[in-house]
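One-letter residues, chain by chain:
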Amino acid sequence: MRALTWHGRRDVRIDTVPDPQITDPTDVLVKITSTGICGSDLHLYEVMGPFLEPGDILGHEPMGVVEEVGPEVTALARGDRVVVPFNVSCGTCWMCEQGLHSQCETTQVREHGMGAALFGYTKLYGQVPGGQAEYLRVPFGNTLPVKVPHGPPDERFVYLSDVLPTAWQAVAYADVPPGGSVVVLGLGPIGDMAARIALHRGAEQVIGVDLVPERLARARARGVHTLNVEELGADLGDEVRRLTSGRGADAVIEAVGMEAHGAPVTKVAQQAVGLLPDALAEKLMTRAGVDRMTAFHAAIDAVRRGGTVSVVGVYGGAMDPLPLLKMFDKQIQLRMGQANVQRWVGDLLPLLTDADPLGVEGFATHKLPLEDGPQAYKTFQAKEDGMIKTLLTP
């Protein structure tokens, strides 16, 4: 089959690789019909190379049609249409029963002290082949895939794999009071959808922050008050306070993560680590890695005293310095973590109707064949051509 594979920093390629096979009686094979490129994939493209090997298949936002089922699969049959959550979770362990599918005890990557395995996402998360490919082997066929109806376009459902539950959890964790205010830092796919969900769930004031004009315009068209961080610079927190009765926002959703702008020294350090031999770089990142913390510090500044910061941007540093004095003094509540996809499916499926309140149909800015995946990564990383969300079709 054809698949999008990693070969080095900023080097992804389309290769011909062996077709996946049923290896466990509860496996299913899915023929992929749509698969997304996620902001998290850019971390693999740029920073996380020490935890990848040439030929690793990328991608964790797939959906498709069941091609084959293992002998113990009873919940699905050949021809069923499914979305595949990015967490590889069993659905039956203690953690999954608590709604913590990203901490699944069956697939935790204990070798690295990490949570549940993820599709297409490094040795740290199990080195499971991803979904930017023609076919995908999906374990736990009775409990993991989300069955959806035939008929509507893929774009109505594909974001159940990651974007929708990640954004929904970010808003749920932000705990915005009824009629309250929330700042969303970063208006990429997750931040954009989080702003939409916050409005849908009753936030009175949603303030979106970014520096890319296309992202700001898109959020503004959905009723978000937008701020250009490049224009405001260090005055961002003051502007948020001006808009929120001088206090700051009730909640801030930090949807940027480790590659925030405004930290040139750390950026150079991240790039330098990526040039080291893998074994040395891996050890350095897991023991002394430091992220670009600009967005996190902006979140702490912009939230009101007693407010909540919900971190959904991905971080990978082991030694990130936190402004604990300020956080303690402001009495900030902090929540974060990988999305527990299956936990939120029941909340989201009823919204995926012809009424389309979250605007999922049309959410993608680019729809491309899988063969164009390498160029799509390059364009997305450079924030060019108005690219915010891309769907690939094998």
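All values reported here derive from a predicted model rather than from experimental measurement.

Visitor: Give a description of the overall build of the protein chain that names residues and reports values.
Guide: Within the protein chain one finds 13 helices and 15 strands. Here the protein chain has a C-alpha radius of gyration of 20 Å; the compact-globule value for 394 residues is 21 Å, and the two agree. When the backbone C-alpha atoms are referred to their principal axes, the protein chain occupies close to 60 × 50 × 45 Å. Across the 394 residues that make up the protein chain, the buried fraction comes to 57%. Approximately 16200 Å² of the protein chain is accessible, and the part contributed by carbon and sulfur atoms is 52%.

Visitor: Lay out the packing of helix α3 (residues 163-174) against helix α12 (residues 341-348) with the relevant residues and their values.
Guide: Packing of α3 against α12 leaves a shortest axis separation of 9 Å and a crossing angle of 90°. On the basis of the axis angle, α3 is roughly perpendicular to α12. Facing α3, whose interface residues are Leu164, Pro165, Trp168, Gln169 and Ala172, α12 presents Val341, Trp344, Asp347 and Leu348. For the contact of α3 with α12, the residue count by class is seven nonpolar, one polar and one charged.

Visitor: Can you break down the packing of aromatic side chains residue by residue, with the values?
Guide: In total, this model carries three aromatic pairs according to the counting rule given. Arranged with centres 5.5 Å apart and planes meeting at 40°, the rings of Tyr45 and Tyr377 form a pair that is tilted. Here Tyr377 lies in helix α13 (residues 373-381) and Tyr45 lies in helix α1 (residues 39-46), a separation of 332 residues in the sequence. Of the residues examined, Tyr377 reaches a relative accessible area of 0% and is grouped as buried. Residues Tyr159 and Phe363 carry aromatic rings whose centres are separated by 5.3 Å and whose planes lie at 75° to one another, so their mutual orientation is edge-to-face. Taken together, the residues span a long stretch of sequence, with Tyr159 in the loop between β7 (146-148) and α3 and Phe363 in the loop between α12 and β14 (366-369) at a distance of 204 residues. Across the pair, exposure class does not vary: Tyr159 and Phe363 are buried alike. When the ring centre of Tyr173 is taken as reference, the NZ or CZ atom of Arg335 above it lies at 3.7 Å.

Visitor: Can you break down the pattern of salt bridges residue by residue, with the values?
Guide: Counting across every chain of the model gives 20 salt bridges. The salt bridge involving Lys389 is made with Glu61; its shortest N-O contact spans 2.5 Å. One end of the pair, Lys389, is in the loop between α13 and β15 (390-393); the other, Glu61, is in the loop between α1 and β4 (62-69), and 328 residues separate them in sequence. Residue classification places Lys389 among the buried residues on the basis of a relative accessible area of 0%. Take Glu61: its relative accessible area is 2%, and that puts it in the buried class.

Visitor: Can you explain unusual backbone geometry? Please cite residues and give values.
Guide: Backbone geometry places Asp175, a non-glycine residue, at a positive phi of 55°. Counting through the fold element by element, Asp175 comes out in the loop between α3 and β8 (181-185). At Ser245, a residue that is not glycine, the phi angle is positive and equals roughly 60°. With respect to the helices and strands, the residue Ser245 is situated in the loop between α7 (236-243) and β11 (249-254).

Visitor: Describe the side chain of Arg156, and please don't skip the residues or the numbers.
Guide: Take Arg156: it is sitting in the loop between β7 and α3. Of note is the side chain of Arg156, whose polar atom sits 2.7 Å from the side chain of Asp354. Apart from the residues within four sequence positions on either side, Arg156 is in contact with Leu352, Thr353, Asp354, Val360 and Glu361.

Conventions used here
- Residues numbered from 1 in each chain as written.
- Predicted model: local features only at pLDDT ≥ 70, side-chain atom pairs only at ≥ 80, totals over all residues.
- Heavy atoms only, no water.
- Helix = DSSP H or I, 4+ residues; strand = E, 2+ residues; numbered from the N terminus.
- Rg over C-alpha atoms; globule rule 2.2 N^0.38 Å.
- Buried < 20%, exposed > 50% of the residue type's maximum accessible area, 1.4 Å probe, protein only.
- Areas by Shrake-Rupley, 256 points an atom, 1.4 Å probe, with all protein chains shown as cover.
- Axes fitted to C-alpha atoms, helices over the stretch in contact; angles between N-to-C directions.
- Parallel < 35°, antiparallel > 145°, perpendicular 65-115°, else oblique.
- Contact = heavy atoms within 4.5 Å.
- Nonpolar A, V, L, I, M, F, W, Y, C, P; charged D, E, K, R; others polar.
- Phe/Tyr/Trp six-rings, centres within 6.5 Å; stacked < 30°, edge-to-face > 60°.
- Lys NZ or Arg CZ within 6 Å of the ring centre and 35° of its normal.
- Salt bridge = Lys/Arg side-chain N within 4 Å of Asp/Glu carboxyl O.
- Polar contact = N/O pair within 3.5 Å; in protein donor to acceptor, adjacent residues only side chain to side chain.

Keep in mind that these numbers describe shape and distance, not what the molecule does.
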